[in-house]
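Observations on chain architecture
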Amino acid sequence: EVQLVQSGAEVRRPGESLKISCKGFGYTFTRHWIGWVRQMPGKGLEWIGIIYPGDSETEYSLSFKGQVTISVDKSINTAYLQWGSLRTSDTALYYCARQRAAYSGFDHWGQGTLITVSS
Amino acid sequence: DIQMTQSPSSLSASVGDRVTITCRAGQSISNYLNWYQHKPGKVPDLLITSAFSLQTGVPSRFSGSGSGTTFTLTINSLLPEDSATYYCQHSYTNIPSFGGGTKVEVK
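I will try to describe carefully the structure that is included in this document. (Residues numbered from 1 in each chain as written. Chains lettered and ligands numbered in written order. Predicted model: local features only at pLDDT ≥ 70, side-chain atom pairs only at ≥ 80, totals over all residues. Heavy atoms only, no water.)

1. Describing the interface of chain A and chain B
Each partner contributes to the interface: chain A provides 26 residues, whereas chain B provides 20 residues. The three residues of chain A that bury the most area against chain B are Leu45, Trp47 and Tyr103 of chain A, which together make up 35% of that side's buried surface. Run the count over chain A and chain B and you get eight residue pairs in polar contact (both at pLDDT 80 or more). Going through the elements one at a time, β4 (34-39), β5 (45-52), β6 (57-60), β9 (92-99) and β10 (106-109) of chain A are the ones with two or more residues in the side of chain A that touches chain B. Considering every element that reaches the side of chain A that touches chain B, the biggest residue donor is β5 of chain A, with four residues. (Contact = heavy atoms within 4.5 Å. Buried area = accessible area lost by both parts, 1.4 Å probe. Polar contact = N/O pair within 3.5 Å; in protein donor to acceptor, adjacent residues only side chain to side chain. Helix = DSSP H or I, 4+ residues; strand = E, 2+ residues; numbered from the N terminus.)

Listed below in structure tokens is the structure:
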């Protein structure tokens, strides 16, 4: 069974760093793009960026370029989303999701990681 | 990034009604268009890929159409469990942006 399991909720202060994870199970991790999606409280889904675990090719939405870093450790089937300096506006639910195939939709999603940034 | 625009942003309909949601892309995306259903407290669920291909297990009352820049999601014979927010998303590039969402309330 395909599963994406994300790390748990985090509470941080503004200016702190953070790295959250998304571990894949039940499929060949290196053969499917993994994307990251943000949902701010009461708002819609926003695309952050994507990584191909096979070669670590990464692309970011213009809105998030320079604000976050996406990486992968294919030896442990895990993708990461990290911040160097959090802001209160980063408070949101973050999902990872697996792309089913090239040019296709995202068919499996992690359970979401809630990030709260507050002073 | 390709801009995706959905309309309406919300709607209310009765059980048994037919509802249609429209999604417009800022440029042609061929048929690389996906639809998701998102219920509160749940993860988004992929309903349709390639504009009209239903995912396995998705009820046949859901259908998608369109190509180029204009797409529609239709729900026939609306049921109470269809209450959710629906999102379109293109997959034409590696920045597969979402529409703003359409909240469907079933009366």
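2. Quick look at the packing of aromatic side chains
In this description, an aromatic ring pair is defined by two values, namely the gap between the centres and the angle between the planes. Considering all chains together, one arrives at twelve aromatic pairs over all chains under this definition. Measuring from ring centre to ring centre gives 6.0 Å for Tyr32 of chain B and Tyr92 of chain B, while their planes differ by 35°; the resulting arrangement is tilted. You can see Tyr32 of chain B sitting in the loop between β3 (19-25) and β4 (33-38) and its partner Tyr92 of chain B sitting in the loop between β9 (84-90) and β10 (102-106), a full 60 residues away along the chain. Using a relative accessible area of 24% as the deciding quantity, one classes Tyr32 of chain B as partly exposed. With centroids separated by 6.2 Å and ring planes inclined at 40°, the aromatic side chains of Phe62 of chain B and Tyr86 of chain B adopt a geometry described as tilted. On the criterion of sequence distance, the pair formed by Phe62 of chain B in strand β7 (residues 62-67) and Tyr86 of chain B in strand β9 is long-range, its members being 24 residues apart. A residue is classified by how much of its surface remains accessible, and Phe62 of chain B, at 3% relative accessible area, is buried. What links up through ring pairs into an aromatic cluster is the set Trp47, Tyr95, Phe106 and Trp109 of chain A together with Tyr36, Tyr87 and Phe98 of chain B. Directly above the ring of Tyr80 of chain A sits Lys19 of chain A, whose terminal nitrogen or CZ lies 4.5 Å from the centroid. (Phe/Tyr/Trp six-rings, centres within 6.5 Å; stacked < 30°, edge-to-face > 60°. Buried < 20%, exposed > 50% of the residue type's maximum accessible area, 1.4 Å probe, protein only. Lys NZ or Arg CZ within 6 Å of the ring centre and 35° of its normal.)

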